[in-house]
Protein chains: 2
Amino acid sequence: MRVLALLDGTPADPDAPLIRVDDLGLLRGDGVFETILVVGGEPRELGPHLDRLARSAAMLDMPEPDLAAFRRAVDLVLGTWSGGPEIAVKLVFTRGVEGGDGTPTGFALGMDISPKVIAQRAGGISAVTLERGIEPGLAERAPWLLLGAKSLSYAVNMAALREAERRGADEVVFTTSSGSVLEGPTSTLVLARGRTLTTPPSTLGILPGTTQAALFRAAERAGWSVEVAPVDVAELYPADGVFLVSSVRKITRVHTLDGKALPDSTGLHTVLDGLYESEY
Amino acid sequence: MRVLALLDGTPADPDAPLIRVDDLGLLRGDGVFETILVVGGEPRELGPHLDRLARSAAMLDMPEPDLAAFRRAVDLVLGTWSGGPEIAVKLVFTRGVEGGDGTPTGFALGMDISPKVIAQRAGGISAVTLERGIEPGLAERAPWLLLGAKSLSYAVNMAALREAERRGADEVVFTTSSGSVLEGPTSTLVLARGRTLTTPPSTLGILPGTTQAALFRAAERAGWSVEVAPVDVAELYPADGVFLVSSVRKITRVHTLDGKALPDSTGLHTVLDGLYESEY
């Protein structure tokens, strides 16, 4: 099932053509987005998602998104939804039509969670490491590369996932050429060692994760240590658990990396998933 | 003036909504494009543009574009056009709607050339060098980064142009962090020294230029030497001429780089422009 609400507060048919061919979101991937998980009618981390949408838009020198209007669009989607208990709501905000008056295009699109993601939440995933062409320092030195902005220009992220599939894997862990861990194409990497969780710093040019932040909040409250620190690929193999986390996939454990089985983290996954769920 | 033709051969209103919100071209910048210059009803380098569209699509693992259908769409735009003697025709080809049957979205959109570009063709441009975060070898090592594909994920190219504007310049020359010249965000760099033209190799992860190829063809026939070879930023300052070339801007001379005036290449520009125009 899919439900669509436009930023002006009107419902719309998701199967109808609604975007002009000269929308810069289409012609140039020039816009930003967020994907929010809704469970039992409650959006998770809505505030942090909206904040990140605004931050991404600022990185692209776009007009400030009307967050109240996005909230209303989300409410409209939830009010109309008659599908299952979980919804992925995608917020999209583009620079509007080329040569237009600068009015951005915006909408909220509610969708079912794919069966594949549901299966991966339970069964875990295999991943491959792929170089991302980002070196430490680049993001701060070259802000025009938009590293760490959640822009609509995601063709590379999608190509990396196809490369993973070619290699017989489900997912990707992006790395620097010197073997430092970055993130997944649509997820944040979290590493567990003992009762410490680690995630790479967003200053590397990666997206600060909303789900990772929620997990760290819950873990810290439960007495775990959490750290934001560089992680080498070599550190992933002996770790107690490697997880790719995102709104829609929640806490998904990586059971195989570059063809090698990682230590069984099934029990740890149950613990972390419980911590994460305790936030809601 | 703007004229639109869909890939299925039907004309359409460019101001009407025609694209679904779940088109992957919009949601993920997942598609490819070309921009073709038409002068006096004749498309320039149509074959090379269509070949490059197909090559970009292959790099993105997209279905092969129906080039005959794109030719018909271009013809339809030209047959309907009642504006000025020059048209920029943009071809767009996306992966189609998310979770759909894989039918790509495609169209040809004819547009006027902007007065700004017309002025820059005559008066030249100022440019700034900006790091692109691509090192030699990366494109071949990591094809999933889609370096050298003309994808719809152009948010970084647009951000670089805004950075140039902030620095008081018109255009950008992308460089590696070690100071090797790459390309412009929407153009190819050509350097003239004596009667030799040089452009950086596409193996660096940049787009092979259709206009640069046409210029080189004409120059070679006129007795010039042409070479595809790495160029350092330092080589740009003493050169006889630095040019950013593309279909729509043709051969545009760079008169100022990073705030420093380059040697006057007005005469040289006239010569090269004449060579280029002699191709048509």
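Please refer to the structure higher up on the page.
Bear in mind the structure is a predicted one, so any value in this text is a computation, not a measurement. Per-chain numbering applies: the sequence of each chain, read as written, is numbered from 1 onward. Both sets of labels track the order of writing: A upward for chains, 1 upward for ligands. For this predicted model, a pLDDT threshold of at least 70 governs which residues receive local features, and a threshold of 80 or more governs which side-chain atom pairs are given and counted, while totals over whole chains, interfaces and linings are taken from all residues. Calculated side-chain values reflect all of the structure's heavy atoms, with hydrogen atoms and water omitted.

Side note on the overall build of chain A
Quick note on the threshold: Here a strand is any run of E in DSSP of at least two residues, a helix any run of H or I of at least four, and the numbering for each starts at the N terminus. Values of the radius of gyration come from C-alpha atoms, whereas the globule rule sets the reference at 2.2 Å times the count of residues to the power 0.38. For the exposure calls, accessible area comes from a 1.4 Å probe over protein chains only, and a residue counts as buried if that area is under 20% of its type's maximum, exposed if over 50%, partly exposed in between. Contact between two residues is taken to exist if any of their heavy atoms lie within 4.5 Å; hydrogens are not considered. The method behind every accessible area is Shrake-Rupley, applied with a 1.4 Å probe, and residues are considered shielded solely by the protein chains displayed. The charge count includes Lys and Arg as positive and Asp and Glu as negative, but it does not include His or the ends of the chains. One atom stands in for each charge, and that atom is NZ of Lys, CZ of Arg, CG of Asp or CD of Glu.
Secondary structure assignment for chain A yields eight helices and 14 strands. A compact globule built from 280 residues should have a C-alpha radius of gyration of about 19 Å, and chain A, at 19 Å, falls within 12% of that. Counting over 280 residues, chain A shows a buried share of 59%. Sequence separation of 24 or more characterises 71% of the internal contacts of chain A that already satisfy a separation of 6 or more. Put simply, chain A shows about 10,200 Å² of open surface, and 53% of that area lies on carbon and sulfur atoms. Charged side chains in chain A number 26 positive and 36 negative. The centres of these two groups are separated by 2 Å.

Considering the interface of chain B and chain A
Here is the rule we go by: Here the buried area means the combined drop in accessible surface, using a 1.4 Å probe, for two parts upon being joined, counting both sides. Every case where a carboxyl oxygen of Asp or Glu lies within 4 Å of a side-chain nitrogen of Lys or Arg is listed as a salt bridge. Here a polar contact is taken to be a pair of N or O atoms separated by no more than 3.5 Å, where protein atoms must pair a possible hydrogen donor with a possible acceptor and residues adjacent in sequence count only if both atoms sit in side chains. Gly falls in the polar group here, along with every residue not listed as nonpolar (Ala, Val, Leu, Ile, Met, Phe, Trp, Tyr, Cys, Pro) or charged (Asp, Glu, Lys, Arg).
Residue-level contacts link 55 residues of chain B with 55 residues of chain A. Buried area between chain B and chain A, both sides added, is near 4,500 Å², and the carbon and sulfur share of it is 59%. If you look at where chain B meets chain A, you find ten salt bridges. Linking Asp15(B) and Arg20(A) is a salt bridge whose minimum nitrogen-to-oxygen distance equals 3.3 Å. Counting every contact that joins chain B to chain A gives 27 residue pairs in polar contact (both at pLDDT 80 or more). In terms of residue count, the dominant contributor to the side of chain B that touches chain A is helix 6 (residues 155-166) of chain B (eight residues). Here the residues of the side of chain B that touches chain A sort into 29 nonpolar, eight polar and 18 charged.

What to know about unusual backbone geometry
All names here are of chain A. A positive phi angle is found at Glu-45, which is not glycine, with a value near 55°. Relative to the helices and strands, Glu-45 is located in the loop between strand 4 (42-43) and helix 2 (46-59). In this structure, Asp-258 takes a positive phi of about 50° despite not being glycine.

A closer look at the sheet that holds strand 3 (residues 31-39) of chain B
Residue and element names in this part refer to chain B. Our working rule: In short, DSSP must find at least two bridges between two strands for them to pair. Under this scheme, a helix contributes an axis fitted over its contacting stretch, all axes are lines through C-alpha atoms, and angles between N-to-C directions fall in the 0 to 180 degree range.
Read across the sheet, six strands follow the order 2-1-6-5-3-4 without closing on themselves; strand pairing throughout is antiparallel. Where the open sheet ends on each side, the last strands, each with one partner, are strand 2 (11-12) and strand 4 (42-43). Two strands pair when backbone bridges link them, and strand 1 (residues 2-6) and strand 2 are joined in this way by two bridges, in the antiparallel orientation. Residue pairing for strand 2: Ala-5 is matched across the bridge by Pro-11. Docked against the sheet, helix 2 (residues 46-59) engages strand 3, strand 4 and strand 5 (86-94), running at close to 175° with respect to strand 3.

What to know about the nonpolar core
Soluble globular proteins: nonpolar side chains tend toward being buried together. The cut-off we apply is this: For this analysis, a nonpolar core means a set of buried residues of the types Ala, Val, Leu, Ile, Met, Phe, Trp, Tyr and Cys, connected via side-chain atoms within 4.5 Å.
Counting residues in hydrophobic clusters, the biggest one holds 92 residues, and the most contacted among them are Val89(A), Leu91(A), Trp144(A), Val89(B), Leu91(B) and Trp144(B). When near neighbours in sequence (up to four residues on either side) are disregarded, Val89(A) contacts Glu34(A), Thr35(A), Ile36(A), Val38(A), Val74(A), Val77(A), Leu78(A), Ala108(A), Leu109(A) and Gly110(A).

Concerning the side chain of Thr198(A)
Residue and element names in this part refer to chain A. For Thr-198, the position within the fold is in strand 10 (residues 196-199). A polar atom in the side chain of Thr-198 sits 2.8 Å from the side chain of Glu-227. Setting aside anything within four residues of it in sequence, one finds Thr-198 in contact with Leu-189, Val-190, Leu-191, Arg-193, Phe-216, Glu-227, Ala-229 and Val-231.

Section: the side chain of Ser187(A)
All names here are of chain A. As for its position among the elements, Ser-187 is in the loop between strand 8 (171-175) and strand 9 (188-193). Overall, Ser-187 belongs to the buried group, its relative accessible area being 7%. Every residue in contact with Ser-187, bar those within four places of it in the chain, is listed here: Leu-244, Val-245, Ser-246 and Arg-249.

Quick word on the relation of the copies chain B and chain A
The line we're drawing: Superposing the copies works by least squares over the C-alpha atoms of residues that have pLDDT at least 70 in both of them.
Least-squares fitting of chain B to chain A yields an RMSD of 0.0 Å, with the transformation described by 0.0 Å of translation along the axis and a rotation of 180°. On this basis, the relationship between the two copies can be described by a two-fold rotation axis. A share of 100% of the interface residues of chain B reappears at the interface of chain A, consistent with the copies meeting face to face through the same patch.

Points about the packing of helix 7 (residues 210-221) of chain A against helix 8 (residues 266-277) of chain A
Residue and element names in this part refer to chain A. Quick reminder of the rule: Oblique is the label for every angle not falling under 35 degrees (roughly parallel), over 145 degrees (roughly antiparallel), or within 65 to 115 degrees (roughly perpendicular).
Following both chains from N to C, one finds helix 7 and helix 8 inclined at 95°, their axes separated by 8 Å at the closest point. It follows from the interaxial angle that helix 7 and helix 8 lie roughly perpendicular. Contacts between helix 7 and helix 8 involve Thr-211, Leu-215, Ala-218 and Ala-219 from the first element and Leu-272, Leu-275 and Tyr-276 from the second. Among the residues making up the contact of helix 7 with helix 8, the classes are represented as six nonpolar, one polar and no charged.

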